[in-house]
Amino acid sequence: MGRIKIIAGNWKMNKNLSEAVSLTQEIIHSSPENNSLKIIFPPFPFIQSVNEVLKNKKGFFVGAQNCSEHNAGAFTGEVSATMLNSLGCTYVLIGHSERRQYFNETNALCHKKIVQALNNNIKPVYCVGETLQQRKSNTHFEIVKSQITEALSSLNSDQIKQVVIAYEPVWAIGTGETATPQQAQEMHAFIRTCMKDLFDASVSDNCILLYGGSCNASNAKDLFSCEDIDGGLIGGASLKAEDFCKIIASA
Ligand code: PGA
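Now for a look at the structure at hand. (Residues numbered from 1 in each chain as written. Predicted model: local features only at pLDDT ≥ 70, side-chain atom pairs only at ≥ 80, totals over all residues. Heavy atoms only, no water.)

## Re the overall build of the protein chain
Alright, step 1. Helices and strands together make up the secondary structure of the protein chain, namely twelve helices and eight strands.
Alright, step 2. For 251 residues, the compact-globule estimate of 2.2 N^0.38 gives 18 Å, and the C-alpha radius of gyration of the protein chain, at 17 Å, lies within 12% of that figure.
Alright, step 3. When burial is assessed residue by residue, the protein chain has 51% of its 251 residues classed as buried.
Alright, step 4. Of all intrachain contacts in the protein chain linking residues separated by at least 6 positions in sequence, the fraction that spans at least 24 positions is 71%. (Helix = DSSP H or I, 4+ residues; strand = E, 2+ residues; numbered from the N terminus. Rg over C-alpha atoms; globule rule 2.2 N^0.38 Å. Buried < 20%, exposed > 50% of the residue type's maximum accessible area, 1.4 Å probe, protein only. Contact = heavy atoms within 4.5 Å.)

See below:
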């Protein structure tokens, strides 16, 4: 892909169908024009309707918040990457900390989901990040390194180019406590080093790295101006068009 700015909104389990459609319309209406790529991750049932609004809008894409590690079959309640592709999804979140925490997703499972996404022409946005306890015990670099190594290291050179990584310290998600630009930049630079060690300098230089965790209209600019930060994965602040558009303007 090469490094471009991405602003992504993760709506999590919020909104109903008509609210989802109007929020998308408001975002389209108020979004500033710039070269950033905008991705909306609505809940599964709204993907198609959100995509109808986004279709043909330059720079806007729809994604899903998760996908199954299986291709098809008797897996009641699951959604496959093939299905997401047929709905027009071009991105999928994999390994969000809430999936890891509440649904016991491991790095090995994330790897399988990433492969499913790639096999279906969907770009994974792979989420990594340490808990507060891990940061306090100074194991945050080690944790993020293992999340990256275990889920990504066996991808081939074509596959890895399709992967976006989102660094989301768990202690910053939904807490209002943002990582400082210095803390975020330090980890992003470390992730690039990991990518260089696992793959090569070109993969590392071109990999798109997003920051997530209480990113909002007031702190986005400082975070996005850091050397190794290519944009943001936005939770709470993506649920209001005005805030999300201000964040887009910071890209
Ligand atoms: P937040 O969520 O912006 O509400 O902290 C970010 C995320 O979970 O992706």
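What follows picks up the thread again.
## Brief notes about helix H5 (residues 107-119)
Along an α-helix, residues three or four positions apart point the same way, because every turn accommodates 3.6 residues.
Alright, step 1. For H5, which comprises 13 residues, the first-to-last C-alpha distance of 18 Å matches the rise-based estimate of 18 Å (1.5 Å per residue) to within 8%.
Alright, step 2. Burial in H5 covers these residues: Asn107, Leu109, Cys110, His111, Lys113, Ile114, Gln116, Ala117 and Leu118.
Alright, step 3. Those residues of H5 that are buried are in contact with helix H3 (81-87), strand S4 (91-94), helix H4 (97-102), strand S5 (123-128), helix H7 (140-152) and helix H8 (157-160). (Expected span 1.5 Å × (residues − 1).)

## Some words on helix H12 (residues 241-249)
Alright, step 1. What H12 keeps buried is the set Ala241, Phe244, Cys245, Ile247 and Ile248. Axial view of H12: buried residues confined to an arc of 155°, hence all on one face.
Alright, step 2. Contacts made by the buried residues of H12 are with strand S1 (6-10), helix H1 (17-30), strand S2 (37-41), helix H11 (220-224) and strand S8 (231-234). (Arc of directions from axis to C-beta.)

## Re the site of the ligand
Alright, step 1. Taken together, 13 residues are adjacent to the ligand, and Lys12, His96, Glu168, Gly174 and Ser214 come closest.
Alright, step 2. The separation between an oxygen atom of the ligand and a polar side-chain atom of Glu168 is 2.6 Å.
Alright, step 3. Within the backbone of Gly174, a nitrogen or oxygen atom sits 2.6 Å from an oxygen atom of the ligand.
Alright, step 4. Bound to the protein, the ligand loses 95% of the 280 Å² it would expose on its own.
Alright, step 5. In the shell around the ligand, the residues fall into four nonpolar, seven polar and two charged. (Near = heavy atom within 4 Å. Polar contact = N/O pair within 3.5 Å; in protein donor to acceptor, adjacent residues only side chain to side chain. Areas by Shrake-Rupley, 256 points an atom, 1.4 Å probe, with all protein chains shown as cover. Nonpolar A, V, L, I, M, F, W, Y, C, P; charged D, E, K, R; others polar.)

## Section: the pattern of salt bridges
Oppositely charged side chains can pair when the atoms bearing their charge come close.
Alright, step 1. For the structure on display, the rule yields nine salt bridges.
Alright, step 2. In this structure, Glu130 engages Arg135 in a salt bridge whose closest nitrogen and oxygen atoms are separated by 2.7 Å.
Alright, step 3. In this structure, Asp230 and Arg192 form a salt bridge, with 2.9 Å as the shortest nitrogen-oxygen distance. Remark: Arg192 occurs in helix H9 (residues 181-198) and Asp230 occurs in the loop between H11 and S8; sequence separation between them is 38 residues. The pair Asp230 / Arg192 is uniform in exposure class, with both members buried.
Alright, step 4. By sharing partners, the salt bridges in this structure join Arg3, Arg192, Asp228 and Asp230 into a single network. (Salt bridge = Lys/Arg side-chain N within 4 Å of Asp/Glu carboxyl O.)

## What to know about unusual backbone geometry
Alright, step 1. Non-glycine residue Lys12 carries a positive phi angle of around 55°.
Alright, step 2. Mapping Lys12 onto the fold places it in the loop between S1 and H1.
Alright, step 3. Of note in the backbone geometry, Asn56 takes a positive phi value of approximately 65° without being a glycine.
Alright, step 4. Considering the arrangement of structural elements, one finds Asn56 in the loop between helix H2 (47-54) and strand S3 (60-64).
Alright, step 5. The exposure class of Asn56 is exposed, given its relative accessible area of 79%.

## Notes on the pairing of S5
Side-chain positions along a regular strand alternate between the two faces of the sheet.
Alright, step 1. Across the six residues of S5, five count as buried, placing the element largely inside the fold.
Alright, step 2. Across four bridges, the pairing between S4 and S5 is parallel. Bridge pairing in S5 places Val92 opposite Pro124. (Pairing = 2+ DSSP bridges.)

## Considering the nonpolar core
Alright, step 1. Leu152, Ile165, Ile191 and Met195 are the most contacted members of the largest nonpolar core, which totals 63 residues.
Alright, step 2. Counting residues per element, this core draws most heavily on H12, which supplies five residues.
Alright, step 3. Setting aside residues up to four positions removed in sequence, Leu152 forms contacts with Ile114, Tyr126, Ile160, Val163, Ile165, Met195 and Phe199.
Alright, step 4. In terms of nonpolar packing, the next biggest core, distinct from the first, is built from 14 residues, Ile39, Leu93, Val125 and Ala166 among them. (Core = buried A, V, L, I, M, F, W, Y, C linked by side-chain atoms within 4.5 Å.)

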